[in-house]
Structures are given as structure tokens and as C-alpha cells.
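Take a look at the letters that make up each chain.
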Amino acid sequence: MFKRFFFSITTLAIAAATALAAVPSQSAVDRFVNADALACATTGVCVMDLETGKIVAGHNVDKGIVTASTMKIVTTATALEILGKDFLFHTRVYAVGNIDEHGKLTGNIIISGGGDPTLGSRFFKDRTAFVDTLMMRMQAVGIKSIEGDIQLDATAIPDQPVPGYWMLEDMPESYGTGYHAINFADNQMRVKFTYHKDGSYTLSTIQDMPWLNLRGNVHQQIPGDTMNRPGLTSMIDYRNNAFDVTGIVARRKRGRENFTTWYACPAPQRLLNDSIRRALNTNGIVLAATKNKINNNADTLLLLDYTSPSLAEIIESTLFRSDNMFAEALLRALPVDSGLPATTSNGVRMAYKLWKQQGLDTRQLAMKDGSGLARNGWATPQFLCDVLRLTYADSHQLGVDYSQLLPRAGREGSVKRMLRKTSLRGNISLKSGSMGGVQCYAGYYPARNPRYAVAVMVNNFSESRRDVVAQVQHLLINLF
């Protein structure tokens, strides 16, 4: 009896101690902001009770701090609230003209883009089937030849491919791809660098892109040259389908001089057009590319209404991989149902309107894009936590638990290496955000049935990023 009583008391004591330890401590935040690695940095921390909305620990909770990719929390939560988890992007294909008894379409195939960011994406394996599905539909309606052309309708997205606040050096990179009415293959291209004995490189694309004006002035570093450091600079020109790469490549091990790199593709719609033309040839459908004047009595046949994965699936992919193009797609989808043009500015207005209606102080947000790649976009730690809290509270109404769309630290996505060898591995969900001088995190603790929203934001640090990340990990461990 005594042993059983002693065991019960001990168990209760341990449970009580654990419960006390789980309450976030302000002292942990104080130690974090006073760490040597953050001596010259701007820091902000907010830990918010999800049930009450009370801030239980924090520092600079109402200070505007550059978010980097943690801005995707605002974008994706807004999209879920406004569009709903089952929202779909549509890509519609029409045959405009007349099909005779021999299967000849005298007219055009028109691809009407709806801004689907997943079309042909390697991150959604089933999305690579668009062209094959179109071929099957054309065969099903009896099209055997086309006297006309493939036309692309990009009027659904009237805005420029990249937000106006992005930096020029980000735009050519694979993470800086533009967003279009017709997106294809993640709007990326893979460029091969072929080494020559004179130390120069020639550039070519892995996929045949004859319309691309690819120019390169790239050389390998000369032995003993300490003045010219290795580094490549690239520029993209969307208007002229041009891409320039210049710079110096570090000397590589013998036999490994050749390499490939992913870059932004200036014309993904041309890439799709090429893919369709190749597929027509493979499937024996003859395309006599002519310019036909379609008369008013021509038939319009909907060949294909190709839909994207659900919004919830797109959000999860966006947050796991921190995909900037996907985030811009979600932002520009916000105004569509309101009859407004699908522009970045209209998407931002919709986001401000939503959160103001939800009772948030939108003065704590400076949203310049959907992804956070804009260097002048910022939010307060409290605003990020408020968005996390309200979106989680709406789980039943939304039909999806937003906290489960974020990756778990130490296990998944862009935070797979974060807290990997700690007790928090898999037990805290976080969205990371980083760029020059910026390291931020925001998410939920615990990962399942969370009790707290947390935001940790660091700007303008002078120490190494590794040291800053280490301090953030110490903070999270000490908090939870």
C-alpha cells in the first residue's frame, strides 16, 4: 500500500514538474537577446498562448522586423481563410475551329492559363501528366491533324512576372522564378557548364530551348590568382527570353570540371508549347502551323479542364520547401473571386483587409510580396503569432488544421536539420526564413495539438549564421 502511495505521489510530482517546465520562461528569452552572438543584432521573440492570446514571454513583440520566408505564414494562412482548402487552379484547353470527318481541325488549340503553379512540377509527380492528358483528350475527340497553331492565353495574370520589390540578383536564381498565367516545370531550367582546356566554359540547357538567348562568359580560376574570387553573376530578361551568366568558377577535381545549375526560366509558356509540339509529333498528330482567321461561326470545344492539387496540398508544399513562386501564386489568387485583377498589390490589399476584419493591428505588417523575398517586407513577432493563433482557432471552420501543414523541425522540409539531436525533434513545427543578415522562425509548440505560437526573429547579425541558429535552438529548448 505504501509503495503504491509513494509511486503515485512520485508520478504526480514528476508530472507537475514537467508541466511547470513546459511553461515558457521569460528568463530564457532574456538570455537569448543578451547572447554575444546577437550583440549587434535586432531581435524579436513572441510566445503566445493559443487559447487566450496572451503573450507569455517575449522581446520586441511589437517591433517591425524583416521576415524573409516567414512571410509565407501570412500568405498561406490568408489564402486558406479566403479561398478555402479545396480551392483549385484551372488550366483550360480549347479547340477553336471545325473538325472535319477526317479528323482535321481547321483552327487553333488555345491554352488558357489560370496561374496554376504546379503544372508540370517535379514536386507533384502527377502534375507532369498535363501534356499526356491533353494528347488523350485530342485523340478521344478524333483530332488527327491541325491546320492552325498552338496559342497561349496569358491574360489571367496581368501583372509582371516578379514583384517590383525583388532585387535583380535574386530574379535569375532558381528560388527567384517569376510567376505567370502559364507556369510549367516549376518555371526553372537546368543549365550545363561544359569545361574546355583553355579554361573557358560553354553553356547549354539540358532541355532543348532554341528560343532562349543564353549567353555566357565564364572561366575557371587561374592558379595563383588571389585577386579574382570565384563567383557567378546572372541576369534574366523576360521581355527578350535572354539569360546571361558571367564570372569565375573555382578549380574542380580532375574529371569533375563539368557541372549543372538550376536557374529561373524566362519563358515557361514556351517550354510548355515545345512540350506539346513534341507530343503531337510523337502521337502522330500532324501540326501544320498556319495562321488561320477563325470565323465567327467556328466551334469552340473544351478539350481539357486541368485542375491543380487542392489549396491545402499546395500550401503544405509551399511551407515545406519554402517555394517563392508558389507563394506568389497564392497571393495573386486572393483577389480573383472578388473580380479584381490578379496582381500582387490586389493580393496584398486582400490580406490586409482580412486580418483587419479579424481584429489585428495591420500597422504591424508591411507586406510587399507573398514569399518574403522582398527585403523591405516586415512584420512584428506578435503579428506572426496572432496569425498563427487565429488560423489554428479556425481549424474546424476551415476543415484543415493549419498547424499540420508546417514541417516538423528535425524531420521535414526546410527545418529538417533544425533541432535534430534534441528533445524537440519532431515536436515543434516551424517555418524558417533566411536571407542576408536575416534568420527567422515561426510556428507551433507542440507539433501536435499545439499550446503555443512562437516567433523568433533576428536581423542584422554580425556573427556567423551558424552561431545565430545555435542560439535560436538553445532558446527553443530552454522555452519548451
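Report on the accompanying structure.

So, how was this worked out
Residues numbered from 1 in each chain as written. Predicted model: local features only at pLDDT ≥ 70, side-chain atom pairs only at ≥ 80, totals over all residues. Heavy atoms only, no water. Helix = DSSP H or I, 4+ residues; strand = E, 2+ residues; numbered from the N terminus. Buried < 20%, exposed > 50% of the residue type's maximum accessible area, 1.4 Å probe, protein only. Core = buried A, V, L, I, M, F, W, Y, C linked by side-chain atoms within 4.5 Å. Contact = heavy atoms within 4.5 Å. Pairing = 2+ DSSP bridges. Axes fitted to C-alpha atoms, helices over the stretch in contact; angles between N-to-C directions.

### Quick look at unusual backbone geometry
Line of reasoning, step 1. Here the amide bond leading from tyrosine 445 into proline 446 is cis, since omega sits at -15°, within 30 degrees of zero.
Line of reasoning, step 2. Although it is not a glycine, asparagine 187 sits at a positive phi angle of roughly 55°.
Line of reasoning, step 3. Within the fold, asparagine 187 resides in the loop between β7 (150–153) and β8 (188–195).
Line of reasoning, step 4. The exposure class assigned to asparagine 187 is buried, which follows from its relative accessible area of 0%.
Line of reasoning, step 5. One non-glycine residue with positive phi stands out, namely asparagine 241, at about 50°.
Line of reasoning, step 6. Counting through the fold element by element, asparagine 241 comes out in the loop between β11 (231–237) and β12 (242–249).
Line of reasoning, step 7. Accessibility expressed as a relative area gives 14% for asparagine 241, which makes it buried.

### Some remarks on the nonpolar core
Line of reasoning, step 1. Within the largest apolar cluster, 60 residues are counted, with the highest numbers of intra-cluster contacts made by Val74, Phe89, Leu311, Ile315, Trp355, Met367 and Tyr402.
Line of reasoning, step 2. Ranked by residues supplied to this core, first place goes to helix α3 (residues 71–83) with seven residues.
Line of reasoning, step 3. In this structure valine 74 touches Trp355, Leu365, Met367, Phe383, Leu384 and Val387, once residues within four positions along its chain are discounted.
Line of reasoning, step 4. Core analysis: the next-biggest nonpolar cluster, separate from the first, contains 50 residues, Ile111, Leu119, Met135 and Ala279 among them.

### Here we look at the sheet that holds strand β1 (residues 42–49)
Line of reasoning, step 1. Pairing is antiparallel in the open sheet, where five strands are placed in the order β2-β1-β20-β19-β18. Bordering the open sheet on either side are β2 (55–59) and β18 (429–435), each of which pairs with just one other strand. Averaged over all pairs of adjacent strands, the angle between strand axes in this sheet comes to 5°, irrespective of strand direction.
Line of reasoning, step 2. By the bridge criterion, seven bridges tie β18 to strand β19 (residues 438–445) in an arrangement that is antiparallel. Bridge pairing in β19 places serine 432 opposite tyrosine 441.
Line of reasoning, step 3. Here helix α2 (residues 26–33) sits on the sheet and contacts β1, β2 and β20 (452–459); the angle it forms with β2, its principal contact strand, is near 10°.

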